[in-house]
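As a plain string of letters, each chain reads:
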Amino acid sequence: SIDKSTVRLIEALGEFGSDKINFFLINLIYEQTKAVVDAILMSLKIVRQDCWRRDRLNENIIFFNAYARERGLKLLSHDHTPIKPILVCGNKNVLDLQARLLLRGYYVPAIRPPTVPRNQARLRISLSCLHNQSELEAVIDCIAEEINRC
């Protein structure tokens, strides 16, 4: 679909008396839309055919939950999802922790109020099928070590 601002642009350019500009812009918009549709269709094809991504992500979720529990991290949920919130004591602590993890090579975002409830500051890990178990082990070990320094 074409948004109102695009229609206004086409109309404004059309007022200069150039039907060719209108034709070019309308075709450009439809070509972009076709590209988006093609990308979505290709994504769906990949989802259907490349099960390894889904399987690997599932393995990573199971591994992360088990190893984080073993290392004593306070996961707010052991649900089978790729987003893993880890409870950290205090808003200031979570920002310090995020900075220390970054210095050690890990970008682990800190989530604080008002995004989360008061006194519920957390780190948020986003798992991917591209992570391997040794990477997950390393980041969990690093988080556990840094949390112990709080």
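Because the structure is a prediction, the values reported are computed rather than measured. (Residues numbered from 1 in each chain as written. Predicted model: local features only at pLDDT ≥ 70, side-chain atom pairs only at ≥ 80, totals over all residues. Heavy atoms only, no water.)

This part is about the nonpolar core. Phe64, Ile86, Leu123 and Ile143 are the most contacted members of the largest nonpolar core, which totals 24 residues. Mapped by element, the contributors of at least two residues to this core are α3 (51-70), α4 (91-103), β3 (122-126) and α5 (133-149). Looking at this core, the element that brings in the most residues is α5, giving six residues. (Core = buried A, V, L, I, M, F, W, Y, C linked by side-chain atoms within 4.5 Å. Buried < 20%, exposed > 50% of the residue type's maximum accessible area, 1.4 Å probe, protein only. Helix = DSSP H or I, 4+ residues; strand = E, 2+ residues; numbered from the N terminus.)

A word on the layout of surface pockets. It is a probe the size of a water molecule, rolled over the atoms, that shows where empty space is left. Estimates place the volume of the largest pocket at around 200 Å³. The wall of the largest pocket is formed by Tyr106, Tyr107, Val108, Pro109, Arg124, Ile125, Ser126, His131, Glu135, Leu136 and Val139. Those elements that place two or more of their residues in the lining of the largest pocket are β3 and α5. Across the lining of the largest pocket, the residue classes break down as seven nonpolar, two polar and two charged. The computed volume of the second largest pocket comes to approximately 170 Å³. (1 Å grid on protein atoms, 1.4 Å probe; cavity = no way out; pocket = protein on both sides within 12 Å on 5 of 7 lines; lining within 4 Å. Points joined across faces, edges and corners; volume = space filled by probe spheres on them. Nonpolar A, V, L, I, M, F, W, Y, C, P; charged D, E, K, R; others polar.)

We now examine the packing of α3 against α5. Contact geometry of α3 with α5 gives a least axis separation of 10 Å together with a crossing angle of 30 degrees. Compared by their axis directions, α3 and α5 come out roughly parallel. By crossing handedness, the relation of α3 to α5 is classed as right-handed. Together, Asn60, Phe63, Phe64, Tyr67 and Ala68 of α3 and Gln133, Leu136, Glu137, Ile140 and Asp141 of α5 make up the contact between the two elements. (Axes fitted to C-alpha atoms, helices over the stretch in contact; angles between N-to-C directions. Parallel < 35°, antiparallel > 145°, perpendicular 65-115°, else oblique. Left-handed = near helix turned anticlockwise from the far one by under 90°. Contact = heavy atoms within 4.5 Å.)

Across the sheet, which stays open at both edges, the three strands sit in the order β1-β3-β2 with antiparallel pairing between neighbours. Edge positions in the open sheet fall to β1 (83-87) and β2 (110-111), since each of these has one partner strand only. With five bridges connecting them, β1 and β3 associate as antiparallel partners. Its bridge partner being in β3, Pro85 is matched across the sheet by Arg124. (Pairing = 2+ DSSP bridges.)

Under the defined criterion, the tally for this structure stands at one aromatic pair. Pairing Phe63 with Tyr67 gives two aromatic rings, centres 5.7 Å apart and planes at 10 degrees, and the pair type is stacked. Here Phe63 and its partner Tyr67 are both found in helix α3, four residues apart, which amounts to about one turn of the helix. Overall, Tyr67 belongs to the buried group, its relative accessible area being 13%. (Phe/Tyr/Trp six-rings, centres within 6.5 Å; stacked < 30°, edge-to-face > 60°.)

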